Amino acid sequence: MFYTVIGTQWGDEGKGKIVDWLSSKADVVVRFQGGNNAGHTLKIKEKIFKLNLLPSGIIRGKQCIIGNGVILDPWALEEEIQILKKQGIVINSKNLQIAENICLILPLHIILDEINEKNRGEEKLGTTKKGIGPAYEDKIGRRAIRLCDLSDEKLLRKKITNLISFHSVRLIHFDKKINEADLINKLLKVFNKISQYLAPTWKILNDYGKKEKIILFEGAQGALLDIDFGTYPFVTSSNTSSGQIFAGTGFGIKDNHQVFGITKAYTTRVGSGPFPSELFDEIGNYLVVKGKEFGTVTKRKRRCGWFDTILVKQTVQINGVSNIILTKLDVLDELNEIKICVGYKIDNSNYDYLPFNENLQQRILPIYKIIPGWKSSTFGITEWSDLPKNAQNYINYIEEVIKTKISIISTGPERSQTIDRNNILSNI
Ligand code: GDP
Ligand code: IMO
Ligand code: MG
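Residues numbered from 1 in each chain as written. Chains lettered and ligands numbered in written order. Predicted model: local features only at pLDDT ≥ 70, side-chain atom pairs only at ≥ 80, totals over all residues. Heavy atoms only, no water.

Some remarks on the overall build of the protein
Reasoning step 1: When helices and strands are counted, the protein shows twelve helices and 20 strands.
Reasoning step 2: For a compact globule of 428 residues, the expected C-alpha radius of gyration is about 22 Å, and the protein comes in at 22 Å, within 12% of that figure.
Reasoning step 3: Taken along the three principal axes of its C-alpha coordinates, the protein extends 65 × 50 × 40 Å.
Reasoning step 4: The buried share among the 428 residues of the protein stands at 56%.
Reasoning step 5: Across the protein, the fraction of contacts at a sequence separation of at least 24, relative to all contacts at a separation of at least 6, is 75%.
Reasoning step 6: Counting every atom, the protein has about 18400 Å² of accessible surface; 50% of that belongs to carbon and sulfur.
Reasoning step 7: Separation between the mean location of the 58 positive side-chain charges and that of the 47 negative ones in the protein comes to 4 Å. (Helix = DSSP H or I, 4+ residues; strand = E, 2+ residues; numbered from the N terminus. Rg over C-alpha atoms; globule rule 2.2 N^0.38 Å. Buried < 20%, exposed > 50% of the residue type's maximum accessible area, 1.4 Å probe, protein only. Contact = heavy atoms within 4.5 Å. Areas by Shrake-Rupley, 256 points an atom, 1.4 Å probe, with all protein chains shown as cover. Lys, Arg positive; Asp, Glu negative; His and termini not counted. Charge placed at Lys NZ, Arg CZ, Asp CG, Glu CD.)

Here's the deal with the coordination of the magnesium ion (ligand 3)
Reasoning step 1: Distances from the magnesium ion (ligand 3) to its protein donors, namely Asp 12 (OD) and Gly 39 (O), fall within the range 2.0 to 2.2 Å. Placement of the pair is Asp 12 in the loop between β1 (2–7) and α1 (15–22) and Gly 39 in the loop between β2 (28–31) and β3 (40–44), with a sequence separation of 27 residues. (Donors = N, O, S within 2.8 Å, 3.2 Å for Na, K, Ca; no water.)

A short note on the site of ligand 1
Reasoning step 1: As a matter of local geometry, ligand 1 sits amid 18 residues, with Lys 15, Gly 16, Thr 41, Asp 330 and Ser 410 nearest to it.
Reasoning step 2: Here an oxygen atom of ligand 1 and a side-chain polar atom of Thr 41 are 2.6 Å apart.
Reasoning step 3: Coverage of ligand 1 by the protein chains reaches 91% of its 580 Å² of free accessible surface.
Reasoning step 4: Listed by contribution, the elements that provide at least two residues to the shell around ligand 1 are α1 and β3.
Reasoning step 5: For the shell around ligand 1, the element with the most residues is α1, which contributes three residues.
Reasoning step 6: Grouping the amino acids of the shell around ligand 1 by side-chain chemistry returns two nonpolar, nine polar and seven charged.
Reasoning step 7: Viewed by domain, the shell around ligand 1 spans two of them, domain 1 (2–100 + 199–257) and domain 3 (264–427), each represented by three or more residues. (Near = heavy atom within 4 Å. Polar contact = N/O pair within 3.5 Å; in protein donor to acceptor, adjacent residues only side chain to side chain. Nonpolar A, V, L, I, M, F, W, Y, C, P; charged D, E, K, R; others polar. Domains from an automatic or database assignment.)

Here we look at the side chain of Thr 268
Reasoning step 1: Looking at the element boundaries, Thr 268 is found in strand β12 (residues 267–269).
Reasoning step 2: With relative accessibility at 3%, the residue Thr 268 sits in the buried group.
Reasoning step 3: If sequence neighbours within four positions are ignored, Thr 268 has contacts with Trp 10, Gly 11, Phe 275, Glu 293, Arg 302, Arg 303 and Cys 304.

Here we look at the domain arrangement of the protein
Reasoning step 1: Considered domain by domain, the protein is made up of domain 1 (2–100 + 199–257), domain 2 (103–194) and domain 3 (264–427).
Reasoning step 2: Tallying the contact residues gives 23 residues for domain 1 and 26 residues for domain 2.
Reasoning step 3: Carbon and sulfur atoms make up 67% of the surface buried where domain 1 meets domain 2, a total of about 1900 Å² over both sides.
Reasoning step 4: Run the count over domain 1 and domain 2 and you get zero salt bridges.
Reasoning step 5: Linking domain 1 to domain 2 there are six residue pairs in polar contact (both at pLDDT 80 or more).
Reasoning step 6: Among the secondary structure elements, those contributing two or more residues to the side of domain 1 that touches domain 2 are β6 (71–72), α2 (74–86) and β7 (96–99).
Reasoning step 7: Per-element tally for the side of domain 1 that touches domain 2: the top contributor is α2, with four residues.
Reasoning step 8: Here the side of domain 1 that touches domain 2 is built from residues that sort into ten nonpolar, ten polar and three charged. (Buried area = accessible area lost by both parts, 1.4 Å probe. Salt bridge = Lys/Arg side-chain N within 4 Å of Asp/Glu carboxyl O.)

Description of helix α12 (residues 389–402)
Reasoning step 1: Along its 14 residues, α12 runs 20 Å from first to last C-alpha, staying within 8% of the 20 Å computed at 1.5 Å per residue.
Reasoning step 2: Among the residues of α12, those classed as buried are Ala 391, Gln 392, Tyr 394, Ile 395, Ile 398, Glu 399, Val 401 and Ile 402.
Reasoning step 3: Backbone geometry just after α12 places Lys 403 at a positive phi near 55 degrees. (Expected span 1.5 Å × (residues − 1).)

Some points on a nonpolar patch on the surface
Reasoning step 1: Residues Phe 229, Ile 318 and Phe 356 make up a contiguous nonpolar surface patch of roughly 270 Å² in combined accessible area.
Reasoning step 2: Take Phe 229: it is sitting in the loop between β10 (215–218) and α8 (244–247).
Reasoning step 3: Among the residues examined, Phe 229 registers a relative accessible area of 36% and is labelled partly exposed. (Patch = residues over 30% accessible without salt bridge, like charges linked within 9 Å, V, L, I, M, F, W, Y side chains within 5 Å.)

With respect to a positive patch on the surface
Reasoning step 1: Judged by side-chain charge, Lys 118, Lys 124, Lys 129 and Lys 176 come together as a positively charged surface patch.
Reasoning step 2: Mapped onto the secondary structure, Lys 124 falls in the loop between α3 (107–120) and α4 (132–140).

Considering the side chain of Thr 411
Reasoning step 1: Counting through the fold element by element, Thr 411 comes out in the loop between β19 (405–410) and β20 (418–420).
Reasoning step 2: The exposure class assigned to Thr 411 is buried, which follows from its relative accessible area of 0%.
Reasoning step 3: When near neighbours in sequence (up to four residues on either side) are disregarded, Thr 411 contacts Asp 330, Thr 378, Phe 379, Gly 380, Ile 381, Gln 417, Thr 418 and Ile 419.

Some remarks on the sheet that holds β20
Reasoning step 1: Ordered in space as β9-β7-β5-β2-β10-β1-β11-β15-β19-β20, the ten strands form an open sheet in which the pairing is mixed. For this open sheet the edge positions go to β9 (198–199) and β20, each flanked by a neighbour on one side alone.
Reasoning step 2: Of the strand pairs in this sheet, β1 and β10 are connected by four bridges, and their pairing is parallel. Its bridge partner being in β10, Thr 4 is matched across the sheet by Phe 217.
Reasoning step 3: On top of the sheet, α12 reaches β15 (321–327) and β19; it is set at about 140 degrees to β19, its chief contact. (Pairing = 2+ DSSP bridges. Axes fitted to C-alpha atoms, helices over the stretch in contact; angles between N-to-C directions.)

Details of the site of ligand 2
Reasoning step 1: Around ligand 2, the structure places 20 residues, and the nearest of them are Asp 12, Lys 15, His 40, Thr 128 and Thr 236.
Reasoning step 2: A distance of 2.9 Å separates an oxygen atom of ligand 2 from a polar backbone atom of Gly 39.
Reasoning step 3: Contact between ligand 2 and Gly 126: an oxygen atom at 3.4 Å from a main-chain N or O atom of the residue.
Reasoning step 4: Along the lines of polarity and charge, the residues of the shell around ligand 2 split into seven nonpolar, ten polar and three charged.

The structure is reproduced here in structure tokens:
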């Protein structure tokens, strides 16, 4: 059986916590897109783990694969491995494999990310400045350096010369210079440390598939940051949707594949772009503080707003989500009443979906259903029957509107603070 975990909003839905929880049953955990723009947090008893590139299954010592759809900053990877090893996590060539054909983020991509953002001025995207966009551009432009190139110094030198020459006009214009020899030396040095993880991961994964192992694909970012279906141009540069798992790993389409949509009990977003149910009042501030809504990667304050059924209904369909996993329910505990966005009005017309036109998106007026809060603590609850009636009503109402089962509810950051309403874990 194969499972995919996808964020159904703008990221930071709690994917790390849930992948860790589900991975107790998994044989293999796989990343298939994005890069170290992701920040997945796991809390196990009093220990906190922060993962950017490594699949969250690494904490349980599971077999982990970083697929070719990921964009890899090799220095960031090496640093992450060292930090986790210091935290007592075992990482070696037996439990970590990286696709040979994965494309690299180089220091020049980080420079270009900064230049691009500065150039956009007021219209900046608010990227994580990890070089994600420029590195994916080079991949699509067919001039990227791939991990397998680092084992062939002659090829590497030629490709680096071409790449720097391609970007030179822009870099010189902004007074930036890349030292070619220095870059090659640094790449060869870091390759020495990470070459042990290189593998034909597409082959390994398909072999696992044939043996009917349990494979868990871990999405990064969220469906609304998808390059095609997100709030373009305020998106990341990869397909974050479940459709990407096949291209991003080389794992062939098979039966028995279920997609879990990780969904926050309210909505957050980091960076710029439309956000119809955004709150600018004291309730918004309450959600920031109570939900500790500060970015894992950039430490920026996350924008907060009400749950938006229009968006989640849309991403559920695009990603083939069969079950929703609702996180951070406990953050809503103290509210008197809770709003749920159930429709959009734009220029006097009603919409039951998010139109693609950027200007229309800016003019959305959300239509809300108001339901009473529960005003009591749900923190750490592990049984559905222990939830206050109004909390059950909130979940049931959302379930009804988005027409998708909410099977798992997270009531705290810790691994065990989870309600398995439909016995999902025991049936994996
Ligand atoms: P990800 O990027 O989707 O993995 O999410 P992040 O790790 O960036 O952000 C989610 C944050 O919420 C982390 O700090 C988690 O520890 C925390 N978290 C996850 N689930 C819950 C929950 O149910 N309740 C509370 N209070 N915090 C949670
Ligand atoms: P996880 O996996 C939330 C956002 C950035 C920015 C936009 C583009 O932790 O959920 P990029 O650096 O990718 O070019 O930035 O995407 N973004 C995320 N927001 N969670 C993430 O990952 C994100 N990864 C990128 O804030 O708005
Ligand atoms: Mg995150």
